[in-house]
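# Architecture at a glance
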Amino acid sequence: MSFKNKNIAYLNNHDIEEKSIDFINEYYMNTDIKAPIDVFNMVEYLGYDLDFNKEGIFNNSDILGATYNNEKIVQINEKIVNQKGRMHFTIAHEIGHILLHSDYENNVFCRKNEGQFGIKKNQLEVQADKFAAFLMMPSVLINNAFYECYNKAQI
């Protein structure tokens, strides 16, 4: 089933970031946001199993992850395990699908060419990409790091 044929809710960047911050606060029980963001445990916190796979759909190098909402499984293409940043971003992207899109789709297959920087723009993938970015790099942490560096440079 193609998600492109469905009417999905428009979410602006603020709404997506707010959803990521709400989840971080819930996950950390309303304490300060801590880095690095632990996406592995966050998947399990949501009640999903995390699995790495190189078979079946993952023979296609364009498919980096898949979320099976009915089975509560997130699968990541095993070929990206050695790409730590890509792997963490992909897991965060799948968390975005769980929190933003589980009402729309039972199974979501993430193709890198359909995301925010891909050739094809699929609203589902773009929103999950933005969620992953906000989840992994919360504005409050980025702003604090910037001002800390800026203030040190002024001395």
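It should be noted that the structure appears before, not after, this text.
The following refers to the structure shown. (Residues numbered from 1 in each chain as written. Predicted model: local features only at pLDDT ≥ 70, side-chain atom pairs only at ≥ 80, totals over all residues. Heavy atoms only, no water.)

### What about a negative patch on the surface?
How we decide: For patch building, the residue pool is restricted to those with more than 30% relative accessible area and no salt bridge; the joining distance is 9 Å between like charges and 5 Å between nonpolar side chains (Val, Leu, Ile, Met, Phe, Trp, Tyr). Every accessible area reported is derived by Shrake-Rupley at a probe size of 1.4 Å, with residue values counting cover from the shown protein chains alone. Note on definitions: salt bridges are taken to be side-chain nitrogens of Lys or Arg within 4 Å of carboxyl oxygens of Asp or Glu. For the purpose of charge, His is not counted, nor are the chain termini; Lys and Arg are scored as positive and Asp and Glu as negative. We put the charge of a Lys on NZ, of an Arg on CZ, of an Asp on CG and of a Glu on CD. Runs of E in the DSSP output that reach at least two residues are strands. Runs of H or I that reach at least four are helices, and both are numbered from the N terminus.
A cluster of acidic residues, E44, D49, D51, E55 and E78, forms a negative patch at the surface. Relative to the helices and strands, D51 resides in strand β1 (residues 49–53).

### Re helix α3 (residues 84–101)
In plain terms, the rule: Given the number of residues in a helix, its expected span is that number minus one, multiplied by 1.5 Å. Remark: exposure states derive from per-residue accessible area (1.4 Å probe, protein chains only) relative to the maximum for the residue type, with buried under 20%, exposed over 50%, and partly exposed in between.
Here α3 contains 18 residues, and its C-alpha end-to-end distance of 25 Å stays within 8% of the 26 Å for a straight helix at 1.5 Å per residue. In terms of burial, α3 is largely enclosed, as 13 of its 18 residues are buried.

### Considerations on helix α1 (residues 13–27)
Along an α-helix, residues three or four apart share an orientation, since each turn contains 3.6 residues. Which entries qualify depends on this criterion: Each direction from the helix axis to a C-beta atom contributes to the arc, which is the arc of those directions. In this description, contact between two residues means that some pair of their heavy atoms is separated by no more than 4.5 Å.
The first and last C-alpha atoms of α1 sit 21 Å apart over 15 residues, in line with the 21 Å expected at 1.5 Å per residue. Within α1, burial applies to I16, E17, S20, F23, I24 and Y27. Relative to the axis of α1, the buried residues are bounded by an arc of 120 degrees and lie together on one face. On its buried face, α1 sits against α2 (39–45), α3, α4 (123–136) and α5 (139–154).

### Overview of the packing of α1 against α3
Note the cut-off: Each axis is a line fitted through C-alpha atoms, taken for helices only over the stretch in contact, and angles between the N-to-C directions span 0 to 180 degrees. If an angle is under 35 degrees, it is roughly parallel; if it is over 145, roughly antiparallel; if it lies from 65 to 115, roughly perpendicular; otherwise it is oblique. Residue classes follow a fixed rule: Ala, Val, Leu, Ile, Met, Phe, Trp, Tyr, Cys and Pro count as nonpolar, while Asp, Glu, Lys and Arg count as charged, and any other residue, Gly among them, counts as polar.
For the pair α1 and α3, the least separation of the axes is 11 Å and the interaxial angle reads 100 degrees. Between α1 and α3, the angle is such that the two are roughly perpendicular. Of α3, the residues touching α1 (which contributes I16, K19 and F23) are I95, L99 and L100. For the contact of α1 with α3, the residue count by class is five nonpolar, no polar and one charged.

### Re the nonpolar core
Our working rule: We define the nonpolar core as a collection of buried residues of types Ala, Val, Leu, Ile, Met, Phe, Trp, Tyr and Cys that are connected through side-chain atoms lying within 4.5 Å of one another.
In this structure, I24, I37, V39, M42, I91, I95 and L135 are the most contacted members of the largest nonpolar core, which totals 26 residues. When residues of this core are assigned to their parent elements, the largest contribution, six residues, is made by α3. Not counting residues up to four positions away in its chain, the partners in contact with I91 are V39, F40, V43, L50, F52 and I76.

### So, a nonpolar patch on the surface
Judged by side-chain polarity, F146, Y147 and Y150 come together as a nonpolar surface patch covering roughly 360 Å² of accessible area. Mapped onto the elements of the fold, Y147 is located in helix α5.

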